[in-house]
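Examining the three-dimensional arrangement
Spelled out, the chains give:
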Amino acid sequence: MSVSKRLGNVLFGISISLFLLFLFSCRKEKETVTPVIQEDTIIPPYNQQQVMSYGDSCIVNTPIPQRYKNDVLHPSVVYISTGFGGHKWWMVQSPYYNCSGPIENPIIYYADETIDGSAPKIWIPAMDNAVIDAPTWGYNSDPNLFYENGKLWLLWRENDTEDCRKNNYRRAVFGISSTDGVTWDPSAKKLFMGARTLNYDSAMCPILIKDNDVYKVYASNFEFQPNRISLGLAIWTGHSLENPDFKVQGIYPIYCNNSYYQPWHFDILKYYGKYYMILQTRESNGNISLGESNDGKNFQILPKPLIVQDCKHFGIYKPTGVIKDGILYVYYTIKDVYDFNHNKLYVTKISMKSAVFDAFDYSYKRSKFTTNIRFRED
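A brief report on the enclosed structure follows.

The rules behind each value
Residues numbered from 1 in each chain as written. Predicted model: local features only at pLDDT ≥ 70, side-chain atom pairs only at ≥ 80, totals over all residues. Heavy atoms only, no water. Helix = DSSP H or I, 4+ residues; strand = E, 2+ residues; numbered from the N terminus. Buried < 20%, exposed > 50% of the residue type's maximum accessible area, 1.4 Å probe, protein only. Contact = heavy atoms within 4.5 Å. Areas by Shrake-Rupley, 256 points an atom, 1.4 Å probe, with all protein chains shown as cover. Salt bridge = Lys/Arg side-chain N within 4 Å of Asp/Glu carboxyl O. Phe/Tyr/Trp six-rings, centres within 6.5 Å; stacked < 30°, edge-to-face > 60°. Lys NZ or Arg CZ within 6 Å of the ring centre and 35° of its normal. Patch = residues over 30% accessible without salt bridge, like charges linked within 9 Å, V, L, I, M, F, W, Y side chains within 5 Å. Pairing = 2+ DSSP bridges. Axes fitted to C-alpha atoms, helices over the stretch in contact; angles between N-to-C directions. Core = buried A, V, L, I, M, F, W, Y, C linked by side-chain atoms within 4.5 Å. 1 Å grid on protein atoms, 1.4 Å probe; cavity = no way out; pocket = protein on both sides within 12 Å on 5 of 7 lines; lining within 4 Å. Points joined across faces, edges and corners; volume = space filled by probe spheres on them. Nonpolar A, V, L, I, M, F, W, Y, C, P; charged D, E, K, R; others polar. Arc of directions from axis to C-beta.

**Considerations on the overall build of the protein chain**
When helices and strands are counted, the protein chain shows 4 helices and 24 strands. Classification of the 378 residues of the protein chain by burial places 57% in the buried group. Partitioning the contacts of the protein chain with sequence separation of at least 6, the portion at a separation of at least 24 is 58%. Counting every atom, the protein chain has about 16,000 Å² of accessible surface; 52% of that belongs to carbon and sulfur.

**Examining the pattern of salt bridges**
Per the counting criterion, the structure on display carries 16 salt bridges. Asp142 is paired through a salt bridge with Arg157; the nearest N and O atoms lie 3.6 Å apart. Placement of Asp142 in strand β8 (residues 139-148) and of Arg157 in strand β9 (residues 151-159) is noted, with a sequence separation of 15 residues between them.

**Description of the packing of aromatic side chains**
Evaluation of the coordinates by the stated rule reveals 15 aromatic pairs. With a centroid separation of 6.2 Å and 80° between ring planes, the pair formed by Phe146 and Tyr215 is classed as edge-to-face. Linking Phe146 in strand β8 with Tyr215 in strand β13 (residues 214-223), this pair joins segments that are 69 residues apart in sequence. Taken together, the ring pairs in this structure connect Phe84, Trp90, Tyr110 and Tyr147 into an aromatic cluster. Over the ring of Phe174 we find Lys189, and its NZ or CZ is 4.5 Å from the ring centre. Taking NZ or CZ as reference, Arg196 lies 4.2 Å from the ring centre of Tyr169, over its face.

**Description of a nonpolar patch on the surface**
Together, Tyr200, Ile229, Leu231, Val248 and Ile251 line one region of the surface with nonpolar side chains, adding up to about 350 Å² of accessible area. For the nonpolar patch, the elements supplying multiple residues, two or more each, are β14 (229-238) and β15 (247-252). Tracing the sequence through the fold places Ile229 in strand β14. What makes Ile229 partly exposed here is its relative accessible area of 33%.

**Focus on the sheet that holds strand β21 (residues 314-324)**
In a beta sheet, neighbouring strands pair by backbone hydrogen bonds and run either parallel or antiparallel. On the basis of which strands lie adjacent, the open sheet formed by 4 strands has the order β2-β23-β22-β21 and antiparallel pairing. Each edge of the sheet is formed by a strand with only one pairing partner; in this case those strands are β2 (56-57) and β21. Alignment of β21 against strand β22 (residues 327-336), held across 7 bridges, turns out to be antiparallel. Looking across to β22, one finds that Lys324 is bridged to Ile327. Along the sheet face, helix α4 (residues 352-359) touches β21, β22 and β23 (339-351) and points at about 105° away from the line of β23.

**Overview of the sheet that holds strand β16 (residues 254-255)**
Strand order across the open sheet formed by 5 strands is β16-β20-β19-β18-β17, with mixed pairing between neighbours. Of all strands in the sheet, those with a lone pairing partner are β16 and β17 (266-271), marking the two edges. With 2 bridges connecting them, β16 and strand β20 (residues 299-301) associate as parallel partners. The residue of β20 that forms the bridge with Tyr255 is Gln300.

**Concerning the side chain of Thr62**
Relative to the helices and strands, Thr62 is located in the loop between β3 (59-60) and α2 (65-68). Owing to a relative accessible area of 5%, Thr62 belongs among the buried residues under this scheme. Discounting residues that sit within four places of it in the chain, Thr62 has contacts with Tyr68, Lys69, Asn70, Asp71, Gln93, Pro95, Ile107 and Tyr109.

**As for the nonpolar core**
In summary, soluble globular proteins display a tendency toward joint burial of nonpolar side chains. Residues Ile278, Leu290, Leu306, Ile307, Leu328 and Tyr332 are the most contacted members of the largest nonpolar core, which totals 24 residues. Elements represented by at least two residues in this core include exactly β18 (274-280), β19 (288-293), β22, β23 and α4. Setting aside chain neighbours within four positions, we find Leu328 in contact with Met52, Leu269, Ile278, Val322, Ile323, Thr348, Lys349, Ile350, Ser351, Met352 and Ala355. Membership of the second largest hydrophobic core comes to 20 residues, among which are Cys58, Trp89, Ala119 and Tyr331.

**Let's talk about the layout of surface pockets**
For the largest pocket, the calculated volume is near 590 Å³. Secondary-structure elements contributing two or more residues to the lining of the largest pocket are β4 (76-84), β8, β12 (200-211), β17 and β21. When residues of the lining of the largest pocket are assigned to their parent elements, the largest contribution, 5 residues, is made by β4. Of the residues contributing to the lining of the largest pocket, the split by class is 14 nonpolar, 4 polar and 2 charged.

**So, α4**
For α4, every residue scored as buried is listed here: Met352, Ala355, Val356 and Ala359. Projected down its long axis, α4 carries its buried residues within an arc of 90°, all on one side. Turned more than 90 degrees away from the buried face of α4, the exposed residues are Lys353 and Phe357. If you follow the buried residues of α4, they end up packed against β17, β18, β19, β21, β22 and β23.

In structure tokens form, the structure reads like this:
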């Protein structure tokens, strides 16, 4: 092997190691965890063993680019077949460039139909700023969109902000609505639910859907102290968005045969009488996998991932899905290999029938990536 090739390999290895260290240093929840050796980080050097392709990069510019850096994280996309505000596709996302909490504020976008009806790759900011600006202290996170009867609802999670504490919470989910996607009144925000301690949260990554006359908010349920562990899925139910009356219906395990997975962020879709979860399997070094449920409570995560991390697709984060004309579109974010501080939006697609069939591959064996690097959360 030539000296230049050896040097290239060394530099590549160093860049990957530094990125992994960076990825773990960016967790927003500041609870201390015991240092561990990641012997199976599910990041194979090259891996085609996944249900979907990685798809295509999207164009997503942010308002005030000098502040928000055209960064994209935690997308939530809705398709409105009848149109809303002159457009059928709407998205919210919360930038997180350089792991900066003060810019993690929900920004609204719209997009137009493509010629062939596929999900759009170009997203236009609906406003010249974020819908909700940074609080005086604490930070925003986890935005979600829901459409009903001419109103687009935005839910988001606040973490130890002044409004959380005014309501005797440490973390809380708030919501507001708009009749055109452009005009929002932050002063009209409503409290939906929350957690009274920083050690535990059953309202993380809120996803709002409606079953008949009942509104349901699905949320990731986590314990942060004394140990950081997933407690499964929390389901909150209510009968009004204008006057939120949500209560916890129950806490349900997320069934999975992979002990490494710690279900983090997700989206929930309904299709032909079943419920599907598009799941980020772990906060760091996770995959995107598909979960299925008959009752909307007990989800089984299927063995073959939709998307896995590889050398060019690092830092995979919260996915969002739309099923249109039998096609599953999945938007997700990855770290920019040229700028690890920057998160980019991708979109990929497959027929929903094929997605479910292929994900049921119990012969799937994931490749392994081993390292002796120790990771520690500050």
